[in-house]
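Coordinate analysis (summary)
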Amino acid sequence: MERELVIVLDFGGQYNQLIARRVRECHVYAEVLPYTTSLDVIRQKQPKGIIFTGGPNSVYLEQSPRCSKEIFDLGVPILGICYGDQLIDYLLDGKVETAPVSEYGKTEIHLDTTSRLFTGVPETSTGWMSHTDYIAEVPAGFRITGTTANCPAAAMEDAQRGIYGVQFHPEVLHTEYGKEILYNFVRGICGCVGDWEMGSFVDQTVEALKKEIGDGRVLCALSGGVDSSVAAALLSKAVGKQLTCVFVDHGLLRKDEGDQVESVFGVDGPFELNFIRVNAQQRFYDKLAGVTDPERKRKIIGEEFIRVFEEEAKKIGEVDYLAQGTIYPDVIESGLGKSARIKSHHNVGGLPDHIAFKKIVEPLRMLFKDEVRNAGRRLGLPEYLVSRQPFPGPGLGVRIIGEVTAEKVRIVQEADAIYREELHKAGCDKGLGQYFAALTNMQSVGVMGDERTYDYAVALRAVNTSDFMTADASEIPFEVLNRCMTRIINEVHGVNRVLYDLTSKPPGTIEFE
């Protein structure tokens, strides 16, 4: 697709995809590539700008990730963030050293607002710092455009060459004017007009799917969640009855969700497609018996999904494509280049060699979650479906700590339904990024009806997030949590304790496993 592009060159930073997300908020398409990407590939992509991410290494150590110094000869504006800033300095013969005083967290920064990078930004504001090294000497041709109390070169630039660096993280919401700074770089310095929007994405993707699939047949993995539903809607618009959607009820869905999915996508639904429901609850429980490691659970669930799809494909005849609702965070979190893998995703990584499909088609592979929702609205999906709470591919398998059993699934389904009902009744669900109940593997002593109990603890989770890359625990009123606790303990057999999870992301993740 013809569109403006900003490349985010990843040096192992935890915020790599967050940088891309912020660029897209400027209506400019961004793609994350590993730092090992060749200059030829970068040149062929014709980016309007390049952003170097942060990273955990010290740039002056031999094993630290680096790119070729020739990247500065491409004539493309470059912005370095944190490690990326230090890398620019190092490659261009500046001096990076261990900082006398490390900076972490919110820090007062002083900026030279004559710089195009800081147009419209106050001279003094708060930036998010996370570094133990610092720039002791900027390269020839550069000037310092930002300082802090402990960082003499918190920002630098060679405006003539279009090279900029900031020691702080503008992509993180804790940096007060981070969005404005990135906008200045992408729309001002790079000269992007902003042609990335969902209307054009939907139209171009539908046409691309028609061209790619032709008269082939497609089998879509439909969970009923936002991602797979939007993927199915795109494919339905592109190829109609050539699409067969298989909904696998693996027994790890939320309470009554299987029936709800069928009511939306079945024969009486608004979509032109073929719908098959496979009730495979016991099959998954048997495969997961005795398994406690979260990565093994994910792998087992993903592999079993593939096996089910293979079987269904054989029943309906030759199928050319397997469609999945993979989205960009799935791809990046599963490992990009040499970046750390946060967790594996069952719908990322391709198919085994022996699978009976020619190819995977993933129309949402380069979208973030909120972009997927906007695409769904463009496709005319109902708001209740587009705004549906995110749900992991492995389902409750990763919301049950330890071994998965039918009894544990029942417990977490019922507790989750109560929690969601009480939040909705109190109006607390509005604006929440994600909320759910999970079942811990902890059992503890309790007293119910003057008798000793030894039952499970349920953990409640609710987070505020705009991008699902970072998240903070939501402040649910205590009286609401207290009602949830009372109802869950009274109504859900097998539970005698209810906890509330306050962990942010990072250091935690939104899901439990």
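What counts and what doesn't
- Counting from 1, residues in each chain are numbered in the order their sequence is written.
- This being a predicted model, a pLDDT of at least 70 is required before a residue's local features are given, and a value of 80 or more before pairs of side-chain atoms are given or counted; all residues contribute to the totals for chains, interfaces and linings.
- With hydrogens and water stripped out, all remaining heavy atoms of the structure feed into the side-chain values.
- Buried, partly exposed and exposed residues are distinguished by accessible area as a fraction of the type maximum, computed with a 1.4 Å probe on protein chains only: under 20%, between the cut-offs, and over 50%, respectively.
- Helix and strand definitions follow DSSP, with helices as H or I runs of at least four residues and strands as E runs of at least two, each counted in order from the N terminus.
- Aromatic pairing here means that ring centres of Phe, Tyr or Trp (its six-membered ring) are within 6.5 Å. Orientation follows from the plane angle: under 30 degrees is stacked, over 60 is edge-to-face, and everything else is tilted.
- A ring has a charge above it when a Lys NZ or an Arg CZ is no more than 6 Å from the ring centre and no more than 35 degrees off the ring normal.
- Only buried residues count toward a nonpolar core. Its members are Ala, Val, Leu, Ile, Met, Phe, Trp, Tyr and Cys residues joined through side-chain atoms within 4.5 Å.
- In what follows, a contact means two residues having at least one pair of non-hydrogen atoms within 4.5 Å.
- Helix span is expected to be 1.5 Å times the residue number reduced by one.
- When two cysteine sulfur atoms lie within 2.5 Å, the pair is treated as a disulfide.
- For two strands to be treated as a pair, DSSP must find at least two bridges joining them.
- To obtain each axis, a line is fitted to C-alpha atoms, and for helices this fit is confined to the stretch in contact; angles are then taken between N-to-C directions over 0 to 180 degrees.
- What pLDDT conveys is the predictor's confidence in a given residue, as a value from 0 to 100.
- We call two directions roughly parallel when the angle between them is under 35 degrees, roughly antiparallel when it is over 145, roughly perpendicular when it lies between 65 and 115, and oblique otherwise.
- Less than a right angle of anticlockwise turn of the near helix away from the far helix marks a crossing as left-handed, whereas a clockwise turn marks it as right-handed.
- By the convention adopted, Pro, Cys, Tyr, Trp, Phe, Met, Ile, Leu, Val and Ala count as nonpolar, Lys, Arg, Asp and Glu as charged, and the other residues, Gly among them, as polar.
- Each reported salt bridge corresponds to a side-chain nitrogen of Lys or Arg within 4 Å of a carboxyl oxygen of Asp or Glu.
- Here a polar contact means two N or O atoms within 3.5 Å. Within protein one must be a hydrogen donor candidate and the other an acceptor candidate, and residues neighboring in sequence count only if both atoms are side-chain atoms.

Quick look at helix α11 (residues 369-378)
Of the residues making up α11, those classed as buried are Lys369, Glu371, Val372, Arg373, Ala375 and Gly376. Positive phi appears at Gly380, one or two residues downstream of α11, with a value of about 85°.

With respect to the packing of aromatic side chains
According to the stated counting rule, one finds 10 aromatic pairs in the structure shown. Geometrically, the ring pair formed by Phe11 and Tyr83 is tilted, given 5.9 Å between the ring centres and 45° between the ring planes. Here Tyr83 lies in helix α3 (residues 83-91) and Phe11 lies in the loop between β1 (5-10) and α1 (16-25), a separation of 72 residues in the sequence. Per residue, the accessibility class of Phe11 equals that of Tyr83, and both read buried. The rings of Phe11, Tyr35, Phe52, Phe72 and Tyr83 are connected pair by pair, giving a single aromatic cluster. Above the face of the Tyr29 ring, Arg3 is positioned so that its terminal group lies 3.8 Å from the ring centre. Here the guanidinium or amino end of Arg399 rests over the ring plane of Phe436, the centre of that ring lying 3.9 Å away.

Some remarks on unusual backbone geometry
With an omega dihedral of -15°, the bond running from Lys505 to Pro506 counts as a cis peptide bond. When you line up the elements, Pro506 lands in the segment after β18 (495-500). The peptide bond linking Pro506 to Pro507 adopts the cis configuration, its omega dihedral lying at 15°. Examined against the element boundaries, Pro507 turns out to sit in the segment after β18. Phi at Cys82 is positive, roughly 55°, even though this residue is not glycine. For Cys82, the location among the structural elements is in the loop between β4 (78-81) and α3. With a phi angle near 65°, Asp256 is a residue other than glycine that sits in the positive phi range.

Describing the nonpolar core
The nonpolar side chains of soluble globular proteins are, as a tendency, buried together. Leu9, Phe52 and Ile71 are the most contacted members of the largest nonpolar core, which totals 119 residues. For this core, the leading source of residues is helix α6 (residues 226-239), giving nine residues. Not counting the four nearest positions on each side in its chain, Ile71 is found in contact with Leu9, Leu39, Ile42, Ile50, Phe52 and Ile78. Grouped together as the second largest cluster of nonpolar side chains are 35 residues, Ala20, Cys151, Ala154 and Phe368 included.

Quick word on α6
Compared with an ideal rise of 1.5 Å per residue, which puts 14 residues at 20 Å, α6 spans 20 Å between its outermost C-alpha atoms and is within 8% of the ideal. Within α6, 13 of the 14 residues are buried, which leaves the element mostly enclosed by the surrounding structure. Residue Gly240 follows α6 closely and has a positive phi angle near 55°.

With respect to the state of the cysteines
In this structure the tally under the stated criterion is zero disulfides. The cysteine Cys26 is free of any disulfide, with Cys192 supplying the nearest cysteine sulfur at 9.0 Å. Among the residues examined, Cys26 registers a relative accessible area of 6% and is labelled buried. Among the cysteines around Cys192, which has no disulfide bond, Cys190 carries the closest sulfur, lying 5.4 Å off. The class for Cys192 is buried, based on a relative accessible area of 4%.

Section: the sheet that holds strand β11 (residues 243-249)
Ordered by their spatial adjacency, five strands build an open sheet running β12-β11-β10-β13-β14, and the pairing between neighbours is parallel. Looking along the sheet, the strands with just one partner apiece sit at the ends: β12 (274-279) and β14 (359-361). Between one strand axis and the next, the sheet turns through 25° on average, direction left out of account. The strands touched by helix α9 (residues 294-316) within the sheet are β10 (218-221), β11, β12 and β13 (321-323), with β11 carrying the most contacts at an inclination of about 135°.

Regarding the pairing of strand β7 (residues 143-147)
By the bridge criterion, two bridges tie strand β5 (residues 95-111) to β7 in an arrangement that is antiparallel. The partner of Leu111 across the bridge, within β7, is Gly146.

Some words on the confidence of the model for the protein
When pLDDT is averaged along the protein, the result is 89, and 94% of the positions lie at 70 or above. Confidence over residues 337-354 falls short of pLDDT 50; this stretch has 48 contacts with residues more than four positions distant or in other chains.

So, the packing of helix α13 (residues 406-425) against helix α14 (residues 478-491)
Look at α13 against α14: their axes get within 9 Å of each other, and the N-to-C directions meet at 150°. It follows from the interaxial angle that α13 and α14 lie roughly antiparallel. By crossing handedness, the relation of α13 to α14 is classed as right-handed. For the pair formed by α13 and α14, the contact residues are Glu414, Ala415, Ile418, Tyr419, Glu421, Glu422 and Leu423 on the first element and Val480, Arg483, Cys484, Arg487, Ile488 and Glu491 on the second. Looking at the contact of α13 with α14, its residues break down into seven nonpolar, no polar and six charged.

Describing the pattern of salt bridges
A complete count under the given rule lists 33 salt bridges for this structure. Here Glu207 ties to Lys210 by a salt bridge, and the two come within 3.6 Å at their closest N and O atoms. Taken as a pair, Glu207 and Lys210 lie in helix α5 (residues 198-213) at a separation of three residues, close to a single helical turn. Looking at Lys210, the relative accessible area reads 38%, which means it is partly exposed. A single salt-bridge network, built from bridges that share partners, covers Glu421, Glu422, Lys425, Arg483, Arg487 and Glu491.

Some remarks on the environment of Asp40
Structurally, Asp40 is set in helix α2 (residues 39-45). With 131 residues separating them in the primary sequence, Asp40 and Glu171 have C-alpha atoms 28 Å apart. A polar side-chain atom of Asp40 sits 2.9 Å from a polar atom in the side chain of Arg43.

A few points about the environment of Ala471
Relative to the assigned elements, Ala471 resides in the loop between β16 (451-464) and β17 (472-473). Look at Ala471 and you get buried, because its relative accessible area is 5%. Taking the C-alpha atoms as reference points, Ala471 and Thr440, separated by 31 residues in sequence, lie 21 Å from one another. When near neighbours in sequence (up to four residues on either side) are disregarded, Ala471 contacts Val463, Asn464, Thr465, Ser504, Lys505 and Ile510.

Some points on the sheet that holds strand β9 (residues 163-166)
Spatially, β2-β1-β3-β4-β9-β8-β7-β5-β6 is the arrangement adopted by the nine strands of the open sheet, whose pairing is mixed. The sheet is open, and its two edges are formed by β2 (29-34) and β6 (124-137), each paired on a single side. Adjacent strand axes in the sheet meet at a mean angle of 20° when their direction is disregarded. In this sheet, strand β3 (residues 49-52) lies alongside β1 in parallel orientation, the contact comprising four bridges. Looking across to β3, one finds that Ile7 is bridged to Ile50.

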